[in-house]
Amino acid sequence: MRFSAEIEAALANGAVVEDMTLRLTLGDATKLARDPSIPVEDIAYVDGVMRFMGVTVERGGVESSTLEWSDPAG
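Every chain begins its residue count from 1, and numbering advances along the sequence as written. For this predicted model, a pLDDT threshold of at least 70 governs which residues receive local features, and a threshold of 80 or more governs which side-chain atom pairs are given and counted, while totals over whole chains, interfaces and linings are taken from all residues. In computing side-chain properties, one takes all heavy atoms of the structure into account and sets aside hydrogens as well as water.

Draft legend 1. Geometry of the overall build of the protein. Under the DSSP-based scheme used, a helix requires at least four consecutive residues in state H or I and a strand at least two consecutive residues in state E, with every element numbered from the N terminus. On a plain count of helices and strands, the protein comes out with two helices and five strands. Of the regular secondary structure in the protein, the N- to C-terminal order runs α-β-α-β-β-β-β. C-alpha atoms define the radius of gyration, and 2.2 Å times the number of residues to the power 0.38 defines the globule rule. Its C-alpha radius of gyration of 12 Å places the protein within 12% of the 11 Å reference for a compact globule of 74 residues. Dimensions of the protein along its principal axes, counting C-alpha atoms only, are 35 × 25 × 25 Å. Should any heavy atoms of two residues lie within 4.5 Å, those residues are counted as being in contact. Excluding contacts between residues fewer than 6 apart, the proportion of contacts in the protein whose partners are at least 24 apart in sequence is 68%. Using a 1.4 Å probe, the Shrake-Rupley method yields the accessible areas, and only the shown protein chains count as cover for residues. Total accessible area computed for the protein in this model is approximately 4700 Å², and 49% of it derives from carbon and sulfur atoms.

This is how it looks when you write it as structure tokens:
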């Protein structure tokens, strides 16, 4: 899944999981939740909030899915 690679790249560049947000279209959020290739332990629901690989997922309200994070390198 594309988002796994993006999260891993961000982490390799110094990002912190708590400072990342995965903003997904409703379609991508549904695909993520139902993708049989994604390990069950990579998706969690805590207090009604979906997390993928520890990153908070916000569903809907965007035209295209993106991973948002602050690059500590600038």
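Further notes follow.
Draft legend 2. Seen up close, the pattern of salt bridges. A pairing counts as a salt bridge when a side-chain nitrogen of Lys or Arg comes within 4 Å of a carboxyl oxygen of Asp or Glu. Counting across every chain of the model gives three salt bridges. Arginine 23 serves as the salt-bridge partner of glutamate 58, at 2.3 Å between the closest nitrogen and oxygen. Here glutamate 58 is found in strand β4 (residues 55–59), whereas its partner arginine 23 is found in strand β1 (residues 21–24), with 35 residues between them in sequence. Judged by relative accessible area, which is 24%, arginine 23 ranks as partly exposed. Arginine 23 is the salt-bridge partner of glutamate 68, the closest N and O atoms lying 2.6 Å from each other. Remark: arginine 23 occurs in strand β1 and glutamate 68 occurs in strand β5 (residues 66–68); sequence separation between them is 45 residues. A network of salt bridges, in which partner residues are shared, links Arg23, Glu58 and Glu68. Only protein chains enter the calculation, and the probe is 1.4 Å; a residue is then buried if its accessible area is under 20% of its type maximum, exposed if over 50%, and partly exposed in between.

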